[in-house]
Amino acid sequence: MEIGTIYLVGAGPGDPDLLTVRAARLIERAEVIVHDGLVSRDILAMARPDAQLISVAKQRSKHTLPQDQINALLVREAKAGRDVVRLKGGDPLIFGRGGEEAEDARAAGVAVEIVPGISAANGAAAAAQIALTHRDASSVVSFVAGQCKGLSDQDWTGLAGKGRTLVIYMGVKTAPQIAEKLMADGLAPDMPLAVVENAARPEMRVLRGPLAALPDLVTREAVKSPALIVIGEVTAREDAAIAHFAVEAHQ
Ligand SMILES: C[S@@+](CC[C@H](N)C(=O)[O-])C[C@H]1O[C@@H](n2cnc3c(N)ncnc32)[C@H](O)[C@@H]1O
């Protein structure tokens, strides 16, 4: 029996129109799809009616299936002769543990193909019309993870500030510690930021304010995951704000 292939596929931020053509083709023809909670229903609806959909959705404090068991599941399916589409929100190689899944598959002698996706940062930037880099405002962009584990050990010095953009994934729950950490690193309390919730989805919200007000903003507006925090002058450019109002006005 021939061993199947594991396809690590990026599903983008949620809108099926933002899938790559390769991702859409793989989803449409897959026999087995192993997917995360961030993959939208509209995208899962593209699967064949007889496809087996296996959810390994994780919540921040609760793992329905530990990562090593997910890796083992992928290998088992491939060794049973099936091609497996491992579908992940955004891009599989940005805070998606795609690297670990690929390493385990290769070690087990299973072929892996990786199909990139539009990461939440790119999806949010486009949908909220925030230029992550801008000739007049930012020439550096960094992606960091704001989840609790290891937050205080992470060195973010120099990643945010004048001429730079910092995009924080998984930072909703730790917003107060994030604001404190950045200000302790010398970032001005009035540094502008935007919180983009449900980017590139119909229910998207873009909330803006200064760094010092981040914890209040998140609490007052009851921001929920998935959301990104984008910090830097690019979030306060008048053209970005006006473009966003124009989009809202037409909805
Ligand atoms: C485990 S990470 C996965 C990132 C994903 N691999 C990517 O490239 O976008 C999950 C985090 O991505 C961010 N995220 C994913 N989809 C999002 C969306 N549609 N809008 C805003 N943030 C999103 C949130 O910060 C969420 O907590």
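Worth saying up front: this structure is predicted, and the values here are computed from it rather than measured.

A. Structural view of the overall build of the protein. The helix and strand inventory of the protein stands at eight helices and twelve strands. A compact globule built from 251 residues would reach a C-alpha radius of gyration of about 18 Å, and the protein, at 19 Å, matches this within 12%. With the C-alpha coordinates aligned to their principal axes, the bounding extent of the protein is approximately 60 × 45 × 35 Å. The proportion of buried residues among the 251 residues of the protein is 47%. Put simply, the protein has 27 plus and 31 minus side-chain charges, and the middle of one group is 3 Å from the middle of the other.

B. Examining the packing of helix 3 (residues 67–79) against helix 4 (residues 98–107) more closely. For the pair helix 3 and helix 4, the least separation of the axes is 9 Å and the interaxial angle reads 50 degrees. Regarding the angle of helix 3 to helix 4, the classification is oblique. The hand of the helix 3/helix 4 crossing is right-handed. When helix 3 is examined against helix 4, the residues Gln-67, Ile-70, Asn-71, Leu-74 and Val-75 are found in contact with a partner set consisting of Glu-100, Glu-101, Asp-104 and Ala-105. Of the residues assigned to the contact of helix 3 with helix 4, the class counts are four nonpolar, two polar and three charged.

C. Representation of the packing of aromatic side chains within the structure. The full count for this structure, using the stated rule, is two aromatic pairs. Joined through ring pairs, the aromatic side chains of Phe-95, Phe-143 and Tyr-169 make up one cluster.

D. Region of the structure containing the pattern of salt bridges. This structure, assessed with the given rule, holds eleven salt bridges. Two residues, Glu-101 and Arg-86, come together in a salt bridge whose shortest N-O distance is 3.0 Å. Placement of the pair is Glu-101 in helix 4 and Arg-86 in strand 6 (residues 84–88), with a sequence separation of 15 residues. Judged by its relative accessible area of 3%, Glu-101 is buried. Bridged by salt links that share partners, the residues Asp-36, Arg-86, Lys-88 and Glu-101 form one connected network.

E. How the structure looks around empty space enclosed by the protein. Counted by the stated rule, this structure contains one cavity of 30 Å³ or more. Around the largest cavity, the lining residues are Ala-121, Ala-124, Ala-125, Ile-130, Leu-132, Val-196 and Val-230. Here the lining of the largest cavity takes three residues from helix 5 (residues 120–128), the largest share from any one element. Across the lining of the largest cavity, the residue classes tally to seven nonpolar, no polar and no charged.

F. Local environment of the site of the ligand. Close to the ligand lie 19 residues; Ile-94, Ser-119, Ala-120, Met-170 and Ala-227 are nearest. For the ligand, a nitrogen atom lies 2.7 Å from a polar atom in the backbone of Ile-94. The side chain of Ser-119 places a nitrogen or oxygen atom 2.6 Å from an oxygen atom of the ligand. Contact with the protein chains removes 90% of the 570 Å² of surface that the ligand exposes when unbound.

G. Quick peek at the domain arrangement of the protein. Segmenting the protein into domains produces domain 1 (5–115) and domain 2 (120–248). Computed over C-alpha atoms, the centres of domain 1 and domain 2 are 28 Å apart. Each side of the interface is counted separately: domain 1 has nine residues, and domain 2 has 14 residues. The junction of domain 1 with domain 2 conceals about 880 Å² of combined surface from both sides, 68% of it contributed by carbon and sulfur atoms. Run the count over domain 1 and domain 2 and you get zero salt bridges. Linking domain 1 with domain 2 are two residue pairs in polar contact (both at pLDDT 80 or more), by the criterion used here. Residue composition of the side of domain 1 that touches domain 2, grouped by class: five nonpolar, two polar and two charged.

H. Local environment of the sheet that holds strand 7 (residues 112–115). The sheet built from five strands is open, its strands ordered 3-2-6-1-7 with parallel pairing. The open sheet has two edge strands, strand 3 (52–55) and strand 7, and neither has a second partner. Put simply, the sheet's adjacent strands are angled 20 degrees from each other on average, direction ignored. Here strand 1 (residues 6–10) runs beside strand 7; their pairing, made up of four bridges, is parallel. Bridged to Val-9 within strand 7 is Val-115. Helix 1 (residues 21–29) contacts strand 1, strand 2 (32–35), strand 6 and strand 7 of the sheet and is inclined by roughly 125 degrees relative to strand 1.

Criteria and cut-off values
Residues numbered from 1 in each chain as written. Predicted model: local features only at pLDDT ≥ 70, side-chain atom pairs only at ≥ 80, totals over all residues. Heavy atoms only, no water. Helix = DSSP H or I, 4+ residues; strand = E, 2+ residues; numbered from the N terminus. Rg over C-alpha atoms; globule rule 2.2 N^0.38 Å. Buried < 20%, exposed > 50% of the residue type's maximum accessible area, 1.4 Å probe, protein only. Lys, Arg positive; Asp, Glu negative; His and termini not counted. Charge placed at Lys NZ, Arg CZ, Asp CG, Glu CD. Axes fitted to C-alpha atoms, helices over the stretch in contact; angles between N-to-C directions. Parallel < 35°, antiparallel > 145°, perpendicular 65-115°, else oblique. Left-handed = near helix turned anticlockwise from the far one by under 90°. Contact = heavy atoms within 4.5 Å. Nonpolar A, V, L, I, M, F, W, Y, C, P; charged D, E, K, R; others polar. Phe/Tyr/Trp six-rings, centres within 6.5 Å; stacked < 30°, edge-to-face > 60°. Salt bridge = Lys/Arg side-chain N within 4 Å of Asp/Glu carboxyl O. 1 Å grid on protein atoms, 1.4 Å probe; cavity = no way out; pocket = protein on both sides within 12 Å on 5 of 7 lines; lining within 4 Å. Points joined across faces, edges and corners; volume = space filled by probe spheres on them. Near = heavy atom within 4 Å. Polar contact = N/O pair within 3.5 Å; in protein donor to acceptor, adjacent residues only side chain to side chain. Areas by Shrake-Rupley, 256 points an atom, 1.4 Å probe, with all protein chains shown as cover. Domains from an automatic or database assignment. Buried area = accessible area lost by both parts, 1.4 Å probe. Pairing = 2+ DSSP bridges.

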